[in-house]
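Understanding the architecture of this molecule
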Amino acid sequence: MRFKLTLFLLLANLVTFGLIWKLQHDLSLPPVNDAPIFPAGIRKIAVSGAGVAGTWAVEKKQHVWQLTEPFSWDADSAAVETIVNQLNFTKLDGSFSLSEAIENGNKAESYGLDNPKLVVTVSGGTGAAPVIVKIGQSPSGSVVYLQTPNDQIVRVPNELLDCLMIPANELRKQTVFTLRDFEVNKISVRTAGLGSDGLVSLARKQKEIPGHIDFEQVWRFETPIDAAAASDLVSARLAQLAKIRYEKFITGARADQAAYGLSAPAMRITLGAGGAEGSQTLLVGRRDPDSPTPAYFAKIEDNNTAVFTVPAAEIDEWRNAGQSLRESNFVSFYPAQLERIVIHENDKSLVLLRRFENKDDKNAAGAESLAPQAENDLSANDLIGDWNIPALPNSNTTVTLAADPVEMKKLIATLRNFSATDMALPEGETLPPEKQKLYAAFTADAPTPEELREWRFDEPVRSVEMRFRDGTRRTLIIAPPVDAKSPHHARLSDHPSVYAVPDITEKLSVDPDFYRLRLIEQLPETAQITGIKITDLRTKKTLVDEQRSTQGALLSWQDALADETPAEQARFLALLKELRAISAKRFRSEKFSPEYTVHYLGASVPEGWRYRLDVALRPAAGDATETRTWFFTKRLGGTTQIAGSAQYNCVFEIRQSLLDALFPLTFGRDVSADVPEVKPPADLPAVPK
């Protein structure tokens, strides 16, 4: 009996556990189904249905998404990738069949699939058949369902429906060109109605400058002439053009484009990248009369499905590209490689020669910029080596002189920064076209021999030969004005173009003194000035006489000047400082003579030497005392006083610092010689008190 009871309880437990297991199994969630609905590597998406205004389709071509319906245009990649991500995350998880739904008393209308919001066709890159799905909403609109090709129904996020219902015009990329500015290596602009002059083409090329090989890419014109372009300006305008955006998209413009001026466009702008990127051409038509701001109708060539408008300002910048993008700084060279300059004026010539410390030194000149530079903007490397003015046949120099680094720096900067510029027409005059072009910066690119003679290039006011370390040469030729009011013109001997230029002839002197070293005497640090004496040569009066040496001892200047007033001490010490280095502001053409005279503005008679300055010095400790003698005129103006030296056989204008130091020690002490005593007439009535 007990055995039977035990067996009964065991069977009852088994039944109970079975019922519990079955109940738990029936109540558990269905297994997760991670199978994707759409193919991997989505390449095409097409959307139609009541939820969109019209069918749109996108396709991935060469890694770029493009709209293929309702028009051909580059798509906004970010917007398309958002859609692709939503499709990739849509799985069969939680799906059920339409037949099961009907068995449970539901219908297609319950899921909004009898008249779906969207029909979406998705193709992958595997060659498999496209996947076509329907997307609908529940009658309340709160739940979104998707029906697969095999009638599986899946509840999907509302975001999937929202991103697929985007209008086609919001999927368009806003920029007109697909090429980016750094990819472009050719630009072509053709303007209608100008014939052969209406075509301008530019290309990126390796920089070619006399004196150096550089691998930097710069812009050059290929048409209408081989000439340098203003690379920075071209790059800036190209960057702006490559990012140009349409302002208005014209729908229904497939058939007749003549109404927009595009069957015979006013301009064709082509950006070329070469290779797989190819090129794109923008056709520009007539003005849009309805645009609130100036705009042109335009289209991309070979795309007859899209007409749009673009801002006029960005387009108009390219209408005169042949002139506006020319490089005005036409004399380009590397200063560090320049080794010889020869300046010619009529039958006079001057040679400036650079002596390099190491003839094999290439000076790493490739790091230099070609942008125009200010006079003080040349680096130390630009002036490596010493410039001198050699005495050569047919040269104005009779003795070899050292050239002044500062003046050579100015000369090199003048030549390197020499630029063409538009000149103002004579005010109030009407000139014929052939005369007007004389005032244009780029006067002529293919002048005839007759024009060159007419513009006086057969009688230049200056020609400057430049020779570089690699053996290359170039010559700058500057012609005088054609008439009294016209500008100077210039050209390079190896290039046909003629340019209107400012007058720089005063900076291109053939006088050796113009460039000679301005430092006349520099006392070594060991040298000691032991005495200074200033004499008025007109009155023979000694104006200053100070000595450090007394009874064989050499006092300090502070001790030697102890009896003078603080003001006098300060004046004397200022002069003492200036005498350690004597430099010329500029040299005079005359050689030194004791009888030297100079005519200056406002003077009725010439002025000769007025002061003699004797400087006693010891070059080094224990050396015998030497004397330097300098002669000075009186001060001839606020910034002018002339000095001379028999020892150095030169006459020169002194620098302002020496002039200011000398003046307090002379002015007022010699006034009696300049202002004669005037006695009043005897019969002059007394002045009433």
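Everything below is about the structure shown above.
Our subject in this report is the structure included herewith. These numbers come from a predicted model, not from an experiment.

**What about the side chain of R237?**
Along the chain, R237 turns up in helix α5 (residues 231–242). Ignoring anything within four residues of it in the chain, the contact list for R237 reads E317, W318, S324 and L325.

**Quick look at the environment of P36**
Mapped onto the secondary structure, P36 falls in the loop between α1 (2–27) and β1 (42–48). For P36 and N88, which are 52 residues apart along the polypeptide, the C-alpha to C-alpha distance reads 7.2 Å. Ignoring any residue separated from it by four or fewer positions in sequence, one finds P36 in contact with T90 and K91.

**Here we look at the packing of aromatic side chains**
Scanning the entire structure with this criterion turns up 23 aromatic pairs. Both rings, one in W73 and one in F249, keep their centres 5.2 Å apart while their planes meet at 90°; by these two values the pair is edge-to-face. Of the two residues, W73 is situated in strand β4 (residues 73–74) and F249 in strand β14 (residues 248–250); the sequence distance between them amounts to 176 residues. Judged by its relative accessible area of 13%, F249 falls in the buried class. On the numbers, 6.4 Å between centres and 85° between planes, the contact of W630 with F652 is edge-to-face.

**Remarks on the sheet that holds strand β25 (residues 473–479)**
Read from one edge of the open sheet, 9 strands run β22-β21-β20-β19-β24-β25-β26-β27-β23, paired in antiparallel fashion. Of all the strands in the sheet, the pair left with one neighbour each is β22 (401–402) and β23 (442–444). This element, helix α8 (residues 405–416), spans β19 (338–345), β20 (348–355), β21 (386–389), β24 (462–468) and β25 of the sheet and lies at about 80° to β19.

**Things to note about the pattern of salt bridges**
This structure, assessed with the given rule, holds 28 salt bridges. Put simply, R462 and E345 hold a salt bridge, and the shortest N to O gap is 3.5 Å. Placement of R462 in strand β24 and of E345 in strand β19 is noted, with a sequence separation of 117 residues between them. With its nearest N and O atoms 3.6 Å apart, the salt bridge here joins E653 to R588. Of the two residues, E653 is situated in strand β39 (residues 650–654) and R588 in the loop between β33 (581–587) and β34 (597–598); the sequence distance between them amounts to 65 residues. One connected set of salt bridges, linked through shared partners, spans R586, R588, E590 and E653.

**Quick notes on the pairing of strand β18 (residues 307–311)**
For β18, a buried count of 5 out of 5 residues is recorded, marking the element as mostly surrounded by other parts of the structure. Relative to β18, β14 runs antiparallel, the two sharing 3 bridges. When the sheet's bridge partners are listed, F249 is paired in β18 with F308. Bridge analysis of strand β17 (residues 295–300) against β18 gives 4 bridges, and the strand direction is antiparallel. Each residue of the ladder has a partner; that of Y296, found in β18, is V310. Counted between consecutive antiparallel strands, the loop separating β17 from β18 contains 6 residues, among which D302 sits at a positive phi close to 70°.

Reading guide: rules and limits
Throughout, a residue's number is its position along its own chain's written sequence, starting from 1. Under the rules for a predicted model, residues below a pLDDT of 70 receive no local features and side-chain atom pairs below 80 are neither given nor counted, while totals for whole chains, interfaces and linings still include all residues. With hydrogens and water excluded, all non-hydrogen atoms of the structure serve as input to the side-chain values. To qualify as a helix, a DSSP run of H or I must reach at least 4 residues; to qualify as a strand, a run of E must reach at least 2; elements of each kind are numbered from the N terminus. Whether two residues are in contact is decided by their heavy atoms: any pair within 4.5 Å suffices. Aromatic contacts are taken between Phe, Tyr and Trp rings whose centres are within 6.5 Å, Trp giving its six-membered ring; a plane angle under 30 degrees counts as stacked, one over 60 as edge-to-face, and the others as tilted. Using a 1.4 Å probe on the protein chains alone, a residue whose accessible area is under 20% of its type maximum counts as buried, one over 50% counts as exposed, and one in between counts as partly exposed. Two strands pair if DSSP finds at least two bridges between them. Axes here refer to lines fitted to C-alpha atoms; in helices the fit is confined to the stretch in contact. Angles between the N-to-C directions go from 0 to 180 degrees. Here, a salt bridge means any side-chain nitrogen of Lys or Arg that lies within 4 Å of a carboxyl oxygen of Asp or Glu.

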